[in-house]
Amino acid sequence: MTMIYGRSIGRALPRLGAQRSVPSCSRFGNDIRCLSITAQRYANSDAKLDLPALDQKWRKKWAALQKTKSADGAQKKYVLPMFPYPSGYLHLGHLRVYAIADVVARFHSLRGHDVILPMGWDAFGLPAENAAIERGINPATWTKSNIAKMKEQLDIMNGSWDWSRELATCDPSFYKHTQKIFLLLHGQGLAYQDEAEVNYDPVDKTVLANEQVDANGCSWRSGAKVEKRKLKQWFLRISEFRDSLLQDLEVLGKNGDWPERVLTMQNNWLGKSMGATIKFPLMAFEHVMHSAIEVFTSRPDTLFGVQYLALASTHPVVAQLAAKDPELQAFLDTLPGLPPDSKVGYLLPHIRAVNPLAYHEETPEATKKSIPIYVAPYVLGDYGEGAVMGVPAHDVRDHSFWKTHHKDEPVRFVLAASEDESTTALANEPYIDHGIMTAHSGLFQGRSSKEAGEMLVSILEEADLAKPVEKWRLRDWLVSRQRYWGTPIPIIHCHSCGAVPVPEDQLPVELPKVDEHWAGKKAGNPLETLDNWVNTPCPRCQGPAKRDTDTMDTFVDSSWYFARFVDPRNTEAPFSAEKAKKMLPVDLYIGGIEHAILHLLYSRFIYKFLMSSSLVGETEGVQEPFKRLITQGMVHGKTYTDPATGKFLKPDEVDLSDPAKPKVVATGEVASVSYEKMSKSKYNGVDPTDVINLHGADATRAHMLFQAPVSEVLDWDGEKIVGVTRWLGRVWDLVQRVSSTPSLPTPVREFFEKEAERFGKMTEKELGQWDKAARVWREVQKTIRSVTGSYEKVYALNTVVSDLMILTNVIVEEEKGVPEEVRREAVEALVRMMAPITPAFAEECWAVLHPSKPETSIFKSERGRFPVVDGTVESLLQPRKQTCAVQVNGRLKFAAEIAVPPVGLGEDEKREWVVGGVMKTEEGRNKLKGVDVRKAKKVVVVKDGKLVNFVM
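Quick caveat: nothing in here was measured; it's all calculated off a predicted structure. Here, residues in each chain are numbered from 1, in the same order as that chain's written sequence. Reporting in this predicted model follows two pLDDT cut-offs: at least 70 for local features of residues, and 80 or more for side-chain atom pairs to be given and counted; totals over whole chains, interfaces and linings ignore these cut-offs and use all residues. Just so you know, side-chain values use all the structure's heavy atoms and leave hydrogens and water out.

Trainee: Give me the lowdown on the overall build of the protein, citing residues and values where you can.
Mentor: Within the protein one finds 31 helices and 38 strands. Structurally, the protein occupies a C-alpha span of about 110 × 80 × 70 Å along its principal axes. Within the protein, the fraction of its 952 residues that count as buried is 52%. The long-range fraction of contacts in the protein, counting pairs at least 24 apart against all pairs at least 6 apart in sequence, stands at 72%. Note on areas: Shrake-Rupley, 1.4 Å probe, and residue coverage restricted to the protein chains presented here. Here the protein displays about 44,300 Å² of accessible surface, and carbon together with sulfur accounts for 50% of that area. In the protein, 120 positive and 123 negative side-chain charges are present, and the distance between their average locations comes to 8 Å. Strands here mean DSSP runs of E at least two residues long; helices mean DSSP runs of H or I at least four residues long; both are numbered from the N terminus. Residue exposure (1.4 Å probe, protein chains only): buried if accessible area is under 20% of the type maximum, exposed if over 50%, otherwise partly exposed. Note on definitions: a residue-residue contact is assigned when non-hydrogen atoms from the two residues lie within 4.5 Å. The charge count treats Lys and Arg as positive and Asp and Glu as negative. His and the chain ends do not count. Where a charge sits is defined by one atom per residue type, namely NZ (Lys), CZ (Arg), CG (Asp) or CD (Glu).

Trainee: Could you give me a rundown of the sheet that holds strand β11 (residues 227-236), with the residues and numbers involved?
Mentor: Two strands make a pair as long as DSSP finds a minimum of two bridges between them. Judged by pairing direction, the sheet is antiparallel, and its four strands sit side by side in the order β10-β9-β11-β21 without closing on themselves. Of all the strands in the sheet, just β10 (206-208) and β21 (477-478) have a single pairing partner and so form its edges. Of the pairings in the sheet, the one linking strand β9 (residues 191-201) to β10 comprises three bridges and is antiparallel in character. Bridge pairing in β10 places N199 opposite L208. Only C-alpha atoms enter the line fits that serve as axes; for helices the fit covers just the stretch in contact. Angles between N-to-C directions range over 0 to 180 degrees. Each of β9 and β11 is contacted by helix α6 (residues 172-187), which is oriented at about 85° to β11, the strand it contacts most.

Trainee: An account of the environment of L190 is requested, with residue identities and associated values reported.
Mentor: In this structure, L190 sits in the loop between α6 and β9. Accessibility expressed as a relative area gives 7% for L190, which makes it buried. Note: C-alpha distance between L190 and T763 (573 residues apart in sequence) is 81 Å. Those residues in contact with L190 that sit more than four places away from it in its chain are L185, F235, L236, R237, E240, F241 and F609.

Trainee: Mind laying out the sheet that holds strand β34 (residues 714-715), listing which residues take part and the relevant values?
Mentor: Pairing is mixed in the open sheet, where three strands are placed in the order β33-β30-β34. Sheet topology places β33 (672-677) and β34 at the edges, where each strand pairs with a single neighbour. Note that strand β30 (residues 635-641) and β33 share six bridges and pair antiparallel. Among the inter-strand pairings, T641 is bridged to a residue of β33, identified as S672.

Trainee: Tell me what's going on with the UniProt feature "domain: Aminoacyl-tRNA synthetase class Ia" (unreviewed entry) in the protein, and back it up with residues and numbers.
Mentor: UniProt positions are given in the numbering used here, feature names are shortened, and annotations may be inferred rather than shown by experiment. Within this structure's numbering, the places UniProt gives as "domain: Aminoacyl-tRNA synthetase class Ia" (unreviewed entry) are residues 474-636 and 664-713. This span, residues 474-636, is 24% helix and 23% strand, and a straight line between its end C-alpha atoms measures 33 Å.

Trainee: Tell me about helix α28 (residues 839-849), and name the residues and values.
Mentor: Helical periodicity: at 3.6 residues per turn, an α-helix aligns residues three or four positions apart in one direction. Counting buried positions along α28 yields eleven of eleven residues, so the element is predominantly enclosed. Those residues of α28 not exposed but buried are P839, A840, F841, A842, E843, E844, C845, W846, A847, V848 and L849.

Trainee: Account for the packing of aromatic side chains, naming residues and giving values.
Mentor: When the centres of two rings from Phe, Tyr and Trp lie within 6.5 Å, Trp using its six-membered ring, the rings pair. Their planes under 30 degrees apart give stacked, over 60 give edge-to-face, and anything left gives tilted. For the structure on display, the rule yields 31 aromatic pairs. Here the aromatic rings of Y561 and F562 are separated by 6.0 Å at their centres, their planes lie at 80°, and the arrangement is edge-to-face. Per residue, the accessibility class of Y561 equals that of F562, and both read buried. A positively charged side chain is recorded as over a ring if its NZ (Lys) or CZ (Arg) lies within 6 Å of the ring centre. The angle to the ring normal must also be within 35 degrees. Sitting above the plane of the W62 ring, R106 keeps its charged end 4.8 Å from the centroid.

Trainee: An account of the packing of helix α27 (residues 820-834) against α28 is needed here, citing residue identities and associated values.
Mentor: Between α27 and α28, the least distance of the axes is 9 Å, while the angle of their chain directions is 150°. In terms of axis orientation, α27 runs roughly antiparallel to α28. α27 and α28 meet at a crossing whose hand is left-handed. Across the interface between the two elements, R824, E828, V831, R832 and M834 of α27 pack against F841, A842, C845, W846 and L849 of α28. Its residues placed into classes, the contact of α27 with α28 shows seven nonpolar, no polar and three charged. Roughly parallel covers angles under 35 degrees, roughly antiparallel covers those over 145, roughly perpendicular covers 65 to 115, and oblique covers all other angles. Each crossing is labelled by how the near helix is turned from the far one, with a counterclockwise turn of less than a right angle marking it left-handed and a clockwise turn marking it right-handed. Residues are grouped as follows: nonpolar covers Ala, Val, Leu, Ile, Met, Phe, Trp, Tyr, Cys and Pro; charged covers Asp, Glu, Lys and Arg; every other residue, Gly included, is treated as polar.

Trainee: Could you give an account of the pairing of strand β26 (residues 544-547), naming the residues involved and the relevant values?
Mentor: Along β26, the buried face is formed by A545 and R547; none of P544 and K546, which line the opposite face, is buried. Bridge analysis of strand β23 (residues 491-494) against β26 gives three bridges, and the strand direction is antiparallel. The residue bridging C494 from the neighbouring strand is A545, located in β26. With three bridges connecting them, strand β25 (residues 535-537) and β26 associate as antiparallel partners. Within β26, the position partnered with T536 by the bridge is A545. The hairpin formed by β25 and β26 contains six residues between the paired strands, and Q542 there has a positive phi angle of roughly 65°.

Trainee: An account of the confidence of the model for the protein is needed here, citing residue identities and associated values.
Mentor: Per residue, pLDDT measures the predictor's confidence, with a range of 0 to 100. Scored by pLDDT, the protein has a mean of 87; 92% of the residues are at 70 or more. Long-range and interchain partners of residues 17-46, a stretch whose pLDDT sits below 50, account for 52 contacts in this model, where long-range means more than four residues apart.

Trainee: Describe the pattern of salt bridges, naming the residues involved and giving the relevant values.
Mentor: Counted as salt bridges are all cases of a side-chain nitrogen of Lys or Arg within 4 Å of a carboxyl oxygen of Asp or Glu. Evaluation of the coordinates by the stated rule reveals 41 salt bridges. Linking E814 and K772 is a salt bridge whose minimum nitrogen-to-oxygen distance equals 2.9 Å. One end of the pair, E814, is in the loop between α26 (797-813) and α27; the other, K772, is in helix α25 (residues 764-793), and 42 residues separate them in sequence. A relative accessible area of 30% places K772 in the partly exposed class. Of the charged contacts in the structure, one is a salt bridge between K910 and D944, with a shortest N-O distance of 3.0 Å.

Trainee: How would you sum up the pairing of β11? Please name residues and give values.
Mentor: Summarising the sheet, β9 and β11 pair through ten bridges and their orientation is antiparallel. The residue of β11 that forms the bridge with E197 is K230. Here two bridges tie β11 to β21, and the two strands are oriented antiparallel to one another. The partner of L236 across the bridge, within β21, is W477.

Here it is in structure tokens:
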């Protein structure tokens, strides 16, 4: 292709229709750029695409690159995936969340943003302590070994982690500041001690979580009968922040920044409800008992429908009766191992309750009858009054419980959807909405339930039997753990001075070494028996005192680690006020839905506290730690089962010689195939390291993103990854073919603007080339717009891969006839858009395209920036032709390529343009033989000429 010169600005542009051979040297204005012989060989070589080798090559180069300082004024982007617990093994779920985080971070980096993508380790916790006991080694040794393994696994994912910010919560340099934050809370009365009931293992001498107690009330580890004990525990007063925690959910919900599902879960956990406490007088036989049981309800309108009371296992009445009732005590011992929605119950003998409405003479007889009282595990001791009024007709849980224990007794509906009660739910289903009071509500029949509820509370309040109240489900955060492997609580207990904070200059209070304890595989908390560590002078009076031997809940560490990342080497404070104000909050936080309640709620609480503390000083506006929250779906594995037995099959028990029909080796029967949560028991786990070693990290990342939207469950099928590798191979071939073509010295837009000046003089061949070039560049612009939106939304990352595949196909389809420089620019744009997902592959492509600077990273190159739309589609590249569907009497006859009607035509002019265009085509002349369109009763043109219907 010959060159024409734009002398006034000293540039060269290719001309459509002209022939060109690729020279080794080409002139651009007054500048001569020559491709060296070596560079030509590199650019034109038929190099084999070895993706795993590219990973290794570019990981070494990235490691050698110096972190460049962002431009002044660059927009800050703090991208953070939830940090992992160092179990020693990364699974595909880890790969998914970390790939998403890295892709988003690289995208923003390519846009010139100042990106922070740190990584650390949630390193404290019971699993490490249990592993230490089983192996006879220090949990610190086990944890650090696992961190080293997982760091290697993370590195092969082609991530761009900023390891200079790495932290581990078990490192004294980190938990020194966790202790400082605890003391800040303590100084403001937000950390305090109180008694709380716990599950205590008398053999292992430790407190157990509910899930560590089996159905028989025994410890999961020692098998000992678990005891209920009241211990003095440390709490954080999260309830002081409950109003802002609730109100600020509205801010997080704006623009869909947080998933609605997570906001609902947080709202429910906070559990603000307006209602009333109502007293139910007791009838006790053979017992000296409380005069009444108080119940909180948010639905006093259902009071006429109460058919039983249910008490929590910790209710004072239950404790009093259990002391004399061995059967009740045996029942209570089984509760820790039951699921929270269990419908088992224990009917308390010799005690019944009376509905407070029974004392009103107009109350229906059914409501006046005494009602049974149960102990039920579904009643929470720390919510309301630890008692529930059972209304089977108007509550799902109460209905299920009643039908379990009173299968043949009817429920009493006191509300209906309408006055005639005809639209009420069937008798076997509770009616849970507000409505109209029924005949079972006595004098209140026909009233709206909301009005009736208010009246009932008012009436009972006068008799001192009810009181309007506001209740919250949220309880203060219990942070004490009677275990070793956690942050020591920095408090010293003195008989004279009470609980005294450890002086700041004595922080951190470090965990002492207890190697003999681990070597002996002993259970329990070794801190309690270390006299040399426990006994210490009181910081105030210098008298004898003892250290607190509890450690903190690991949720305390994870409630602020994201703030430490902004200033990880600060030895004096958790972070500086300056860096906190500049770099916080986190812009994008990514993790599983399983952390939707506790971790996020505790992080919000601690962040609000820190931003209002002396650490930061004055701040304005709503303080939330995470601007946007992305929750990714789980990864499920292909699971094989024996259809005859339902048994999960091991890999060697399945014959996969025909993947479409996997067979059970033992029987020859076709195996059942499903996708289920990965687990060892189902033999469906996949090691991401094996996949990456086989296919390369880039192909694995692209396949994982392509398979499903971010928020949905991903059914992992490693066999389909070949589709992605084939696509990368096609892109690689394109790069090879355009590599020897020089880049345009000016933006592509200027090429089209120059050619547009001679548009009316072009030959048919040149117009055909224009159409091809315009189609390619339109697709580039469309893809830029689409993938930019998808990268920003995050949830639509799967469409990025599909859009890039479509663009690849268009470039290949139009390869002949498109000016080589335009094709090269299209391929360059494609590579830049791929770079966040396939970084090593993009780097190699970039090195081939820019052989004079093969060491320059696309992520450090100004030319490698993420492309932006250039406006050519709107102003220059509208299609000259379009497909027109031709109908006769509403039936499709054929489709023809016609010229696009000019903008601004009237309806009659547009109709003539379209009909004339159709009749000029060969299809129009042949397919409309025998049809005189001039005699059509009506000609309907729609969609700007993309459809025409002749009504004959």
